[in-house]
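In case you want the letters, here they are:
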Amino acid sequence: MITTPSDVREYRRDLKRALRNQFLGNTLETFASAFRISRARAFEGIDLPGLIGEIAEGKDASIQRLEELFQSFKTHAEAAGVKVHTARTALEANALIASIAAENGVKRIVKGKSMTAEETFLNDHLEKAGFQVTETDLGEWIIQLRGEGPSHMVMPAIHLSRKEVAELFTRVTGTPQDPENIDGMVKVARRELRQAYLEADMGITGANFAVADTGTIGLVTNEGNGRLVTTLPRVHVALVGFDKLVPDLPSALRILKALPRNATGQPISTYVTWITGATQCTTAPEGRKVMHIVFLDNGRLALARDPLFSQALRCIRCGACANVCPIYKLVGGHNYGHVYIGAIGLILTYFYHGRQNARAIVRACLNCQACKAVCPAGIDLPHLIKEVLRTVLETEGRKPAKNRLLARILPNRKLFHFLLRRAYLAQRPLTGGGEYIRHLPLFFSPEHQFRSLPAITGTPLRDRWHKMAPQVKDPSIRVALFGGCLVDFVYPEQAAAFLELVKDRNVQVEYPQDQTCCGLPAKMMGENTVAKAVAIQNLKAIDPADYDYIVTLCASCGSHIRENYPKLLGDSSGFGVKMHQFMDKIIDFSSFLANVLKVEPAMFREGGPKAAYHAPCHLCRGLGVTQEPRELIGTAGMEYAPAKDEDVCCGFGGSFSLEFPELSAELLTRKLDCVEAAGADLLVTDCPGCVLQLRGGMDRREGKKIPVKHIAEALAEQKRANGRRSG
Amino acid sequence: MESTIRTVEIMREKALAVQTVFTTVAGLREAFSYAVELTGSQGGKTLAAPGLGGEDRRELAALCEQRGISLVWENLRGHLGRIHTGFTVAQWGIAETGTVVLDSTSEDVRIASMLSETHIAVVPRSAVKPGAVDLAGELQEMMKRPGSYVAFISGASRTADIERVLTIGVHGPQEFHILISGENGG
Ligand code: SF4
Ligand code: SF4
């Protein structure tokens, strides 16, 4: 039986244990790197964004008419000799399948891999009812023998080493197995399972597709076990989620084009099987198989009617959102999902397995967007995860203290900023006057020591602005600077660097004083009301009509505004038009310098540090900016040192790093290792949040400490050096 | 014609990429010799050619006899566990994925292609299509028939479930051979 902690403290204990499992960490890391390459190769020559768009559109259309598609499927399948059932709940499905088995005098059952059957815990039910059930997919068989659930939706036993499998097989067969002989172990399974097929009276499968207009089910497997399960026994039951319905074959083929490529980097899985009705079966009474198809609702039909969460039904179970997830890579599927795993698992757990199982795991998301970028169905996974979190918090009505605090303070900008200024005074004994908080206050545990926290500045950007503001008479470009909390209150020098770079370019820069936090931290904590309130304040503070661009040095602010403001405010808020104009004018620092100012090498010193680059999640995926910062490094005379996993999250994730410090620390260590391995003597990035994390980690790191800078600071330094040389 | 040659070439590339053995033969007769030779060289004793009848069957039977191989063509359930080679004639090839489309509605075809050690599928050259979408109409017709079982086969049975090490032949055939039959342009 699968257990998932509902308590965050308990969950963190599990996470810590998982982090100590080196085999797991290495395996998932190697897998993620290999997957990235094989996936890219598999999609070569295919218009991937186009395909994702088509799949999403097709799925959405089907989701709107599931009941109609079901009726059509039922008519066609029944005409072909199948009995089609519906089960409203997991229990109903299990009981139905058990009664089909009983009616047909079944004793032994073989099973193909099915996440839907995992969802209903079908095996447990059938075994309790006295049937012998054998999983036939190798990975599923292994975890069945171990009494575990899958740790990945496509590769259920990925968490196990060859040694563990050898020990298991030794126990099962009674003959010692050599862990180095994987081929031999596969042959053991071949032998043992062959026997199970031959003896079975009934086969159970899931389905990847239920094709309505012919009543056909489609099964995708690599091992070929699905074919044997549907051929040898005299009874076949398919358990199919309503979400697997597609109108016709072309819709199924479109999904098939993406599924294996996105799951395992294969152009196609070895076997794709299409079954229409009761097929020939010479051992069945009338020479035809006894065939039943059970459609599982278990919340799907209600989900289909939800304007937001219906998206989750687009999922084609490729498992990729786990493969690329930095958290999954650290702790594996047994700690990152309940039955369903990875990003989609955090969402589906809430709907199919309940709040208790979802409430802790759903917090452990960095909002790094890696899952969203890889999803072939275009599901906005991070957004849905945050919405599940919000729903959970609202349902429970007892919000964490940090949520209550945030809700009180953040909407009141003056209070918020007053407190930040006070915090400067309060921290002084902790900083010893330096740039870091040297001693963490008591409410932080030792686990938070993995990085130094920066000191809050004595004079925030907003207070020094009148002295810094460039005076331009007849500007050719008018810019509003959107600071964000970190630039305003922690790193005003990043804004100063920006001003240095636009100097003499006839750019007027203003800092509208009523601007406040972009609201992302509130969104991350599921506090949408607060996020909406501050969004409106910002729209009131900055009238896009007054500016040509709204520049931000913070990728997180930029991407939050672009992506979430419309979700929070909608078009009916009265701010619709201004909001869209605001979104159209917001631009990140690197894009502004490279594409608007078109800075040239002549402005900078030639030669400089060897710079590695960290691609902030919210820049490379959130805003889709990847080329500009890398080019700027070269333009500014520095040598760009490519590092491994540049676009993998640094582990900051805002409040994530406070809630799950051990995960944050591990991600940070891996990131800094990559930077060091690149042989860089400078690390640049373009998000102050990442600067906070990376610089803080570097400060605590043993050995070589590589300076970390916002790319604006690095560029300003190169410009200054140029001035010195020519001056 | 030019395009058929190109399509078959793509199919070869894609098939080889998934460890499928890919060859061309002039016609069914050459395919028979290939199957019998292969079975013999692998030490196989039984060759299953479901649905093969008439003159074709006699011809294959004669070749089998010469090599001491027994030929079976029906009631294959009775031969479970003993079939070395499954010999089938497929309906289509899909070049972009190196796939063979095999109408497996007959149980015997399923057994021959799933429970053999080596599966050989013959695909008429003219039936090789660039992509699955080019076959959508034909496939739909096939699927409309009650009791139909259509298989896309792209390589030999494989797993990567133990430490992600690719291992061939977990449940189905350990080898998959595609024979494209017919002259160029034929
Ligand atoms: S946003 Fe990042 S951390 Fe969250 S589920 Fe997706 S990949 Fe994982
Ligand atoms: S949510 Fe998307 S990426 Fe994740 S399993 Fe489903 S289809 Fe694949």
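Model, not experiment: these values are computed from the prediction.

Asker: Help me understand the overall build of chain B in this model?
Answerer: Each helix and strand in chain B was counted, giving 5 helices and 12 strands. What you see for chain B is a C-alpha radius of gyration of 16 Å, in line with the 16 Å of a compact globule of 186 residues. C-alpha extents for chain B along the principal axes are approximately 45 × 40 × 35 Å. Burial analysis of chain B (186 residues in total) assigns 55% to the buried set. Distance between charge centroids for chain B: 2 Å, based on 17 positive and 22 negative side chains.

Asker: I would appreciate a short explanation of the site of ligand 2 in the present structure.
Answerer: As a structural note, the neighbourhood of ligand 2 is formed by A:Met153, A:Cys315, A:Ile316, A:Arg317, A:Cys318, A:Gly319, A:Cys321, A:Ile344, A:Cys375, A:Pro376, A:Ile379 and A:Leu381. By residue class, the composition of the shell around ligand 2 is 10 nonpolar, 1 polar and 1 charged.

Asker: Got a minute to help me understand the side chain of A:Lys386 in this structure?
Answerer: All names here are of chain A. Relative to the assigned elements, Lys 386 resides in helix H19 (residues 381-396). It turns out Lys 386 is buried and unbridged, and the closest side chain with the opposite charge, Glu 659, is 7.7 Å from it. Each residue touching Lys 386, except ones within four places of it in the same chain, is listed here: Cys 365, Asn 367, Lys 523, Met 524 and Gly 526.

Asker: Whenever I open this one, the site of ligand 1 confuses me. Can you help?
Answerer: By nearness alone, 14 residues border ligand 1, and A:Cys325, A:Cys365, A:Leu366, A:Cys368 and A:Cys371 come closest of all. The set of elements that each furnish at least two residues to the shell around ligand 1 consists of helix H15 (326-331), helix H18 (370-374) and H19 of chain A.

Asker: What's the story with the pattern of salt bridges in this structure? I'm lost.
Answerer: For side chains of opposite charge, pairing can occur when their charged atoms come near one another. Residue and element names in this part refer to chain B. All chains considered together, the criterion is met by 54 salt bridges over all chains. For Glu 37, the salt bridge is made with Arg 67, and the minimal N-O distance between the two is 3.1 Å. Remark: Arg 67 occurs in helix H3 (residues 54-67) and Glu 37 occurs in helix H2 (residues 28-41); sequence separation between them is 30 residues. Relative accessible area serves as the criterion here: at 43%, Glu 37 is assigned to the partly exposed category.

Asker: Any chance you could explain a nonpolar patch on the surface here in plain terms?
Answerer: On the surface, a nonpolar cluster with roughly 240 Å² of combined accessible area is contributed by A:Leu415, A:Phe418 and A:Leu419. Mapped onto the secondary structure, A:Phe418 falls in helix H21 (residues 413-431).

Asker: I keep staring at the domain arrangement of chain A and nothing clicks. Help me out?
Answerer: One widely used convention gives an interface's size as the accessible area the parts lose upon coming together. Split by domain assignment, chain A resolves into domain 1 (8-33 + 319-395), domain 2 (46-54 + 65-135 + 201-302) and domain 3 (597-726). Centre-to-centre separation of domain 2 of chain A and domain 3 of chain A, based on C-alpha positions: 49 Å.

Asker: Would you mind showing me how to read the packing of aromatic side chains here?
Answerer: Each aromatic ring pair is summarised here by two numbers: the centre-to-centre distance and the angle between the ring planes. Per the counting criterion, the structure on display carries 18 aromatic pairs over all chains. Where A:Phe209 meets A:Trp274, the ring centres are 5.7 Å apart and the plane angle is 15 degrees; that geometry is what we call stacked. Here A:Phe209, found in strand S5 (residues 209-211), pairs with A:Trp274, found in strand S9 (residues 271-276); they are 65 residues apart in sequence, far enough to count as distant. The buried category is assigned to A:Trp274, whose relative accessible area is 0%. Ring centres of A:Tyr549 and A:Phe592 lie 5.5 Å apart, and the angle between their planes is 70 degrees; on these two criteria the pair is classed as edge-to-face. Of this pair, A:Tyr549 sits in strand S15 (residues 549-552) while A:Phe592 sits in helix H29 (residues 589-596), and the two are 43 residues apart along the sequence. Residue classification places A:Phe592 among the buried residues on the basis of a relative accessible area of 0%. Through a chain of ring-to-ring contacts, the aromatic side chains of A:Phe70, A:Phe73, A:Phe242 and A:Phe295 assemble into a single cluster. Its guanidinium or amino end placed over the ring of B:Tyr149, B:Arg110 lies 4.5 Å from that ring's centre, counting from NZ or CZ.

Asker: What am I meant to see in the pairing of strand S6 (residues 99-103) of chain B here?
Answerer: Two faces, one strand: in a regular strand the side chains alternate between the faces of the sheet. Residue and element names in this part refer to chain B. Within S6, 5 of the 5 residues are buried, which leaves the element mostly enclosed by the surrounding structure. Of the two faces of S6, the one lined by Thr 99, Val 101 and Asp 103 and the one lined by Val 100 and Leu 102 are each fully buried. Turn length for the strand S5 (residues 92-94)-S6 hairpin, with the two strands adjacent in sequence and antiparallel, is 4 residues, and the turn residue Gly 98 shows positive phi of about 65 degrees. Bridge count between S6 and strand S9 (residues 148-153): 4 bridges; the pairing is antiparallel. Within S9, the position partnered with Val 100 by the bridge is Ile 153.

Asker: Can you walk me through the interface of chain A and chain B in this structure?
Answerer: Counting from both sides, the interface comprises 64 residues of chain A and, opposite them, 47 residues of chain B. Both sides together, the interface formed by chain A and chain B hides about 4,700 Å², and carbon and sulfur atoms give 58% of it. If you sort the residues of chain A by the area they bury against chain B, A:Arg190, A:Arg227 and A:Trp274 come out on top, with a joint share of 14%. For the interface between chain A and chain B, the tally reads 2 salt bridges. The shortest N-O distance in the salt bridge between B:Glu163 and A:Arg162 comes to 2.9 Å. Taken together, the links from chain A to chain B amount to 32 residue pairs in polar contact (both at pLDDT 80 or more). Sorting the residues of the side of chain A that touches chain B by element identifies helix H2 (22-42), helix H8 (138-146), helix H9 (162-173), helix H10 (182-199), helix H11 (225-231), helix H12 (249-264) and S9 of chain A as the ones contributing at least two each. With 10 residues, H10(A) is the single largest residue contributor to the side of chain A that touches chain B. When its residues are assigned to classes, the side of chain A that touches chain B shows 32 nonpolar, 21 polar and 11 charged.

Asker: What is the right way to read the sheet that holds strand S1 (residues 82-87) of chain A from this model?
Answerer: The pairing of strands in a sheet comes from backbone hydrogen bonds and takes either a parallel or an antiparallel form. All names here are of chain A. Strand order in the open sheet formed by 6 strands is S1-S10-S7-S4-S2-S3, and the pairing between neighbours is parallel. Of all the strands in the sheet, the pair left with one neighbour each is S1 and strand S3 (132-135). Taken pair by pair, the neighbouring strands of this sheet meet at an average axis angle of 20 degrees, ignoring direction. In this structure, strand S4 (residues 202-205) lies alongside strand S7 (residues 235-241), joined through 4 bridges in parallel fashion. Bridge assignment links Thr 205 to a residue of S7, and that residue is Ala 238.

Asker: Sorry, what's going on with helix H5 (residues 90-103) of chain A here?
Answerer: All names here are of chain A. Along its 14 residues, H5 runs 20 Å from first to last C-alpha, staying within 8% of the 20 Å computed at 1.5 Å per residue. Every buried residue belonging to H5 is among Ala 90, Ala 93, Asn 94, Leu 96, Ile 97, Ala 98, Ile 100 and Ala 101, and all of these are buried. Of the surrounding secondary structure, the elements contacted by the buried residues of H5 are S1, helix H6 (115-120), helix H7 (122-128), S4, S7 and strand S10 (290-296).

Asker: Which parts of the structure should I look at to understand unusual backbone geometry?
Answerer: Glycine aside, negative phi is the norm for most residues, and most peptide bonds take the trans geometry. For A:Phe121, which is not glycine, the phi dihedral falls at a positive 55 degrees. Within the element layout of this structure, A:Phe121 appears in the loop between H6 and H7. Of note in this structure, B:Glu163 is not a glycine but carries a positive phi near 50 degrees. Within the secondary structure layout, B:Glu163 lies in the loop between strand S10 (158-159) and strand S11 (167-168). Note on B:Glu163: relative accessible area 23%, which makes it partly exposed.

Reading the values: the criteria
- Residues numbered from 1 in each chain as written.
- Chains lettered and ligands numbered in written order.
- Predicted model: local features only at pLDDT ≥ 70, side-chain atom pairs only at ≥ 80, totals over all residues.
- Heavy atoms only, no water.
- Helix = DSSP H or I, 4+ residues; strand = E, 2+ residues; numbered from the N terminus.
- Rg over C-alpha atoms; globule rule 2.2 N^0.38 Å.
- Buried < 20%, exposed > 50% of the residue type's maximum accessible area, 1.4 Å probe, protein only.
- Lys, Arg positive; Asp, Glu negative; His and termini not counted.
- Charge placed at Lys NZ, Arg CZ, Asp CG, Glu CD.
- Near = heavy atom within 4 Å.
- Nonpolar A, V, L, I, M, F, W, Y, C, P; charged D, E, K, R; others polar.
- Salt bridge = Lys/Arg side-chain N within 4 Å of Asp/Glu carboxyl O.
- Contact = heavy atoms within 4.5 Å.
- Patch = residues over 30% accessible without salt bridge, like charges linked within 9 Å, V, L, I, M, F, W, Y side chains within 5 Å.
- Areas by Shrake-Rupley, 256 points an atom, 1.4 Å probe, with all protein chains shown as cover.
- Domains from an automatic or database assignment.
- Phe/Tyr/Trp six-rings, centres within 6.5 Å; stacked < 30°, edge-to-face > 60°.
- Lys NZ or Arg CZ within 6 Å of the ring centre and 35° of its normal.
- Pairing = 2+ DSSP bridges.
- Buried area = accessible area lost by both parts, 1.4 Å probe.
- Polar contact = N/O pair within 3.5 Å; in protein donor to acceptor, adjacent residues only side chain to side chain.
- Axes fitted to C-alpha atoms, helices over the stretch in contact; angles between N-to-C directions.
- Expected span 1.5 Å × (residues − 1).

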